[in-house]
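Residues per chain are reported as follows:
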Amino acid sequence: MRIESLRPAEHLGNVTIHGVRRFLELDSGASNLPHLQESREVEIVDQQAISDVEKKMAIVLPIKDEDLKVFEGVLSGIPHDCLMIVISNSSKQEVDNFKNEKDIVNRFCRITHRQAFVVHQKNPELANAIADAGYPELLGEDGLIRSGKAEGMILGIILTMFSGRDYVGFIDTDNYIPGAVWEYAKHFATGFNLAQSPYSMVRILWKYKPKLVGDLYFKRWGRVSEVTNKHLNHLISSKGKFETEIIKTGNAGEHAMSIELAKRLTYGTGYAVETKEIMSILEQFSGILPIEDREVAEEGVEILQTETINPHLHEDKGGDHLLQDMLLPSLAVIYHSPLADDAGRKMIETQLAGMEGFNAGIQIPQIKLIPPPQKMDLPKFSAIIEKYLPQIILPDGELFSRAGRPSRLPSLGQFKKIVYTDLDGTLLNPLTYSYSTALDALRLLKDKQLPLVFCSAKTMGEQDLYRNELGIKDPFITENGGAIFIPKDYFRLPFAYDRIAGNYLVIELGMAYKDIRHILKKALAAACAEIENSEKAGNIFITSFGDMSVEDVSRLTDLNLKQAELAKQREYSETVHIEGDKRSTNMVLNHIQQSGLEYSFGGRFYEVTGGNDKGKAIKILNELFRLNFGNIHTFGLGDSENDYSMLETVDSPVLVQRPGNKWHKMRLRNPSYVKGVGPEGFSRAVTDIIIPME
């Protein structure tokens, strides 16, 4: 995305409000073109950075009896990696609109290989879970979630917190232009990339809001927004020495927040919600009023505003709706704010008295406020709705098969044990690749329903072979953190993934094999040239699996031909064999690092990657385990330098012995050492450390 560089900003204590930035190009092309000199007036956020945010973002889609064709169009505009959360308050009477909406989402998810939450705002199970989790302020006198835009949005925030996403965006479902919907999500992701604070908000200004008046008429801004912006800007101006018009998005329905900010804000009910968000940020974090959350004060809060290229075309619901349902609540939260002064309140009174539809001397209502969602006990809420998840996650029947899964959410205060293990030299004998002496320990883990996650330099094909032989159904990490393979039916909650490979959902973290090979070839050529010109460097022999036949790999590794063939099927790393003196070897390794690649040594071979490692992959997988199974305690079993990032990341690192009955030396936090080489050490780790821990 190509966007204008920074615009002027207003600073109110710890709050920064950025001026509106225009998007200049929705697709800025390849990101790695160093010969192109960008103008100082332009900033680029590359596609990968945008995609990284989208994988961590949920888009909340509130709907109430909207046109179903329009709704289908909105779904098609949501980027694939975003989690969709549909919050419906539609009729369920003579025509069950909610059922029709759910059917549409279910069909859409099946066709596009996506996942979504679809809930009705009046769902009694959700209401009971929210009440039991200590958040009754969201409920009405009937014990159900109140009708209202704010209440639906807060429910969306709660489900985003539950899903483990880092960002939450809101897009209305009455938009006639799917391309505009797609653009909004790109704005959100771009804004979060530009933000410096983890407590940030992105608010969208529509370039045009067309009206059907005879011919199509493109109006610059909406009527309600013009009035709300004026009074917000007056309030901000009153706190400084200069007048400002910085706010252009006072009623921005399309906006997004980091979940860390969203869960901390106080909200106004109904259509006051968007304006109250800005007021809450100013009231809670600017420092004009006493600040209770020092963590946010130290980081600061950012409000970013961006202008779209696409127009916003939606159904016109009439002037009375705009004035009574939207404008009056929006002005009311400004009017009754402790930040408002007498002059500002008088301006609002005069504004309303002069508008058609309002009487002179109108009483400006107090808007009911809803406390921050973080007040709710999220673990308790999660435990309660566990059994209702098949009713609210789509597509039907694809996420809830229990086969092969670990036991469900542990009781509060307990934890689920997760075991990560290296293969060569740990579970497998370093010379024979046999696991026979570990079979009793493997049966014990299976009996206790403890997940066993392979975390190895081996390829997907190699690991799947051992998993099938041993009957292991848990996720696994390939090629030193290059990718995480997760069985389709394993986790009950939806998560972002990059592709589907057979029965696995794959999270890709590593550089593509062909790119590694291309960079590595140049690095090795440069290293060989330096060695040849060095008087002190000795001879060196370098070969990689990509340059070897299956038979050559088999001879070098002592793998059988089938295993050697699978070892060559690399996707995110290259295996390199180096024979030479220490000086020459170090020259080669230095050139590999200087090329931007990384390496690790597994005892016999060097594994060259694009920067991924086992620890990074484990952190991601740990979040999925926590989200789905509650508290966890992780164990890591390894034997070599190649396992360092894994052992550093887990709660309880365990080292088994290498040939010669010695342990590899590495600095770790509270490591355990078990006697036994390979599978013998693995067995002792299971029986002496993992199983006894309570």
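Look above for the structure.
Below, the structure is looked at part by part. (Residues numbered from 1 in each chain as written. Predicted model: local features only at pLDDT ≥ 70, side-chain atom pairs only at ≥ 80, totals over all residues. Heavy atoms only, no water.)

### A short note on the pairing of strand β9 (residues 200-205)
Inference 1: Burial of β9 is extensive: 6 of the 6 residues sit out of reach of the surface.
Inference 2: Judged by which residues are buried, β9 turns out to be covered on both faces: Ser-200, Val-202 and Ile-204 on one side and Met-201, Arg-203 and Leu-205 on the other are all buried.
Inference 3: One ladder, built from 6 bridges, connects β9 with strand β14 (residues 301-307); its direction is parallel. By the bridge assignment for β14, Leu-205 is matched with Glu-307. (Buried < 20%, exposed > 50% of the residue type's maximum accessible area, 1.4 Å probe, protein only. Helix = DSSP H or I, 4+ residues; strand = E, 2+ residues; numbered from the N terminus. Pairing = 2+ DSSP bridges.)

### Structural notes on unusual backbone geometry
If a residue is not glycine, its phi is most likely negative; likewise, a peptide bond is most likely trans.
Inference 1: The linkage connecting Leu-394 with the following residue, Pro-395, adopts the cis geometry, with an omega of 5 degrees.
Inference 2: When you line up the elements, Pro-395 lands in the loop between β16 (393-394) and β17 (416-421).
Inference 3: A positive phi is found at Tyr-433, a non-glycine position, where the angle reads about 60 degrees.
Inference 4: Topologically, Tyr-433 is positioned in the loop between β17 and α15 (439-447).
Inference 5: Overall, Tyr-433 belongs to the buried group, its relative accessible area being 11%.

### Some remarks on the packing of α15 against helix α23 (residues 679-690)
Inference 1: Running from N to C, α15 and α23 cross one another at 40 degrees; their axes reach a closest spacing of 8 Å. Classified by the angle their axes make, α15 and α23 are oblique. In the crossing of α15 with α23, the sense of the turn from one axis to the other is left-handed. Judged by residue contacts, Ala-441, Leu-442, Leu-444 and Leu-445 of α15 engage Phe-682, Ser-683, Val-686, Thr-687 and Ile-690 from α23.
Inference 2: Here the residues of the contact of α15 with α23 are counted per class, giving 7 nonpolar, 2 polar and no charged. (Axes fitted to C-alpha atoms, helices over the stretch in contact; angles between N-to-C directions. Parallel < 35°, antiparallel > 145°, perpendicular 65-115°, else oblique. Left-handed = near helix turned anticlockwise from the far one by under 90°. Contact = heavy atoms within 4.5 Å. Nonpolar A, V, L, I, M, F, W, Y, C, P; charged D, E, K, R; others polar.)

### Details of the sheet that holds strand β23 (residues 540-544)
Inference 1: Ordered in space as β23-β24-β26-β25, the 4 strands form an open sheet in which the pairing is antiparallel. Unpaired on one side and paired on the other, β23 and β25 (598-601) mark the two borders of the sheet. Within the sheet, the average angular offset between the axes of one strand and its neighbour, ignoring direction, is 30 degrees.
Inference 2: Relative to strand β26 (residues 606-609), strand β24 (residues 573-580) is paired through 4 bridges, and the arrangement is antiparallel. Of the residues in β26, the one forming a bridge with Thr-575 is Glu-607.
Inference 3: Its contacts with the sheet place helix α17 (residues 513-533) against β23, β24 and β26, and it is angled at close to 20 degrees to β24.
Inference 4: Across the sheet, helix α20 (residues 582-594) is in contact with β23, β24, β25 and β26; its angle to β24 comes to roughly 155 degrees.

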